[in-house]
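# Analysis of the macromolecular model
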Amino acid sequence: MARIGLIVGSGALTWDLGWESTGDRQTDFGEASAPLQRGRAGSHDVFALPRHGVPHRYAPHAVNYRANVRLLADAGVEAVIALNTVGGISPWAETEALVLPDQIIDYTSGRDLSFNADDDVRHIDFSEPYDPRLRTLLLAAAERAGMALHDGGVMGVTQGPRLETAAEIQRMARDGCAIVGMTGMPEAVLAREVDLPLASLAMVVNPAAGLATEIIDLEDIRRASANTMTLAARLLDVFFEGYEGLN
């Protein structure tokens, strides 16, 4: 039996794993966005943390990412899958596609990026921001499920909560970004600091600004979010069925 962590958006807990609140929220870095929700998937314990709170109330720049990651680490999870809703930049990143990014470009500012104190400088290797073993297992689960999961791509992470301008998306495309979201950092680097393997399962819910003929419609994004969450839940069900650890 393993303990696996999920960092989710506001809609993911509609996927029923018999969630029960642990009541745990307080950490050495303040309160996490919400108490951990504990569920069961086969023989595994799954600990889900809604990053935006319940109900949804924390904007991407206002999330206490340090507390969230610390709370999962304190719960003893051995790996974390972060679900990220994103916009598509590359032509292949179509709406309702699932993407397993392998790189990040961080465009955020002012977020707490480290657990270390300002006078305690510690450098970590972040060449490969996502755990390769966890990515391999997710790809294998997608293959077993007969599902399309795009392997690789750069996630650009912006500050939010506003959506990006068309010019910003053009710049990000020149930088090599395939998808754009607002919550991928500093989650990934904080997990690395505490030796917590993490992979992102990105769900494309709209074309990024300037890449569609219509203006971005929030109702369309909500519908795509619901559809991609159904796909992600199906993939994760298969992942949990076959999970035997990262070693």
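One can find the structure itself at the top, above this paragraph.
The structure contained in this document is the topic of the report that follows. (Residues numbered from 1 in each chain as written. Predicted model: local features only at pLDDT ≥ 70, side-chain atom pairs only at ≥ 80, totals over all residues. Heavy atoms only, no water.)

With that out of the way, let us pick up the side chain of T108. Note on placement: T108 falls in the loop between β9 (103-106) and α2 (132-145). Among the polar contacts listed, one links the side chain of T108 to the side chain of D106, at a separation of 2.6 Å. (Helix = DSSP H or I, 4+ residues; strand = E, 2+ residues; numbered from the N terminus. Polar contact = N/O pair within 3.5 Å; in protein donor to acceptor, adjacent residues only side chain to side chain.)

The subject of this paragraph is the environment of G181. Mapping G181 onto the fold places it in strand β12 (residues 179-181). Separated by 93 residues in sequence, G181 and G88 place their C-alpha atoms 9.2 Å apart. With sequence-adjacent residues up to four places away left out, G181 is seen in contact with T85, V86, M155, G156, V157 and T158. (Contact = heavy atoms within 4.5 Å.)

Let us look at the packing of aromatic side chains. In the structure shown here, the tally under the stated rule is three aromatic pairs. An angle of 40 degrees between the planes, with centres 5.3 Å apart, marks the rings of F239 and Y243 as tilted. Taken as a pair, F239 and Y243 share a single burial class, namely buried. Grouping aromatic residues by their ring pairs yields a cluster made of F239, F240 and Y243. (Phe/Tyr/Trp six-rings, centres within 6.5 Å; stacked < 30°, edge-to-face > 60°. Buried < 20%, exposed > 50% of the residue type's maximum accessible area, 1.4 Å probe, protein only.)

The next thing to look at is the pairing of strand β6 (residues 44-50). Burial analysis of β6 places seven of its seven residues in the buried class, the great majority of the element. In β6, alternate side chains face the same way, and those of H44, V46, A48 and P50 on one face and D45, F47 and L49 on the other are all buried. Inspection of the sheet shows strand β1 (residues 3-8) paired to β6 by six bridges, in the parallel sense. Looking at the pairing, I7 lines up with L49 of β6. Where strand β5 (residues 37-41) meets β6, five bridges bridge the pair, whose relative direction is antiparallel. (Pairing = 2+ DSSP bridges.)

With that settled, the discussion passes to the packing of α2 against helix α5 (residues 218-242). At a minimum axis separation of 8 Å, α2 and α5 run at an interaxial angle of 110 degrees. Comparing the axis directions of α2 and α5 gives the class roughly perpendicular. When the axes of α2 and α5 are compared, the crossing they make is right-handed. Mapping the contact onto sequence places L134, L137, L138, A141, A142, R144 and A145 in α2 and R234, L235, L236, V238, F239 and G242 in α5. A per-class count over the contact of α2 with α5 returns ten nonpolar, one polar and two charged. (Axes fitted to C-alpha atoms, helices over the stretch in contact; angles between N-to-C directions. Parallel < 35°, antiparallel > 145°, perpendicular 65-115°, else oblique. Left-handed = near helix turned anticlockwise from the far one by under 90°. Nonpolar A, V, L, I, M, F, W, Y, C, P; charged D, E, K, R; others polar.)

In a regular helix each residue adds 1.5 Å, so 14 residues correspond to 20 Å; α2 covers 20 Å between its end C-alpha atoms and thus fits that length. Within the sequence span of α2, burial applies to L134, R135, L138, A141, A142 and A145. Along the long axis of α2, the arc covered by the buried residues comes to 120 degrees, so they all point the same way. Turned more than 90 degrees from where α2 packs its buried face, P132, T136, E143 and R144 sit exposed. Summarising the contacts, the buried residues of α2 are in contact with β7 (79-88), β8 (98-100), β10 (150-151), β13 (198-207) and α5. The positive-phi residue at the C-terminal boundary of α2 is G146, with phi of around 70 degrees. (Expected span 1.5 Å × (residues − 1). Arc of directions from axis to C-beta.)

Right, let's get into the nonpolar core. Ranked by internal contacts, the top residues of the largest apolar core, which has 35 residues, are L6, I81, L236, F239 and F240. Taken together, the elements giving at least two residues each to this core come down to β1, β6, β7, β8, α2, β13 and α5. Broken down by element, the residue count for this core peaks at eight residues, all from α5. Residues within four places of F239 in sequence aside, it is in contact with I4, I81, L134, L137, L138, A141 and R144. Core analysis: the second largest hydrophobic core is formed by 33 residues, F47, A75, V86 and V189 among them. (Core = buried A, V, L, I, M, F, W, Y, C linked by side-chain atoms within 4.5 Å.)

Functional significance is not addressed by these values, which are geometric in nature.
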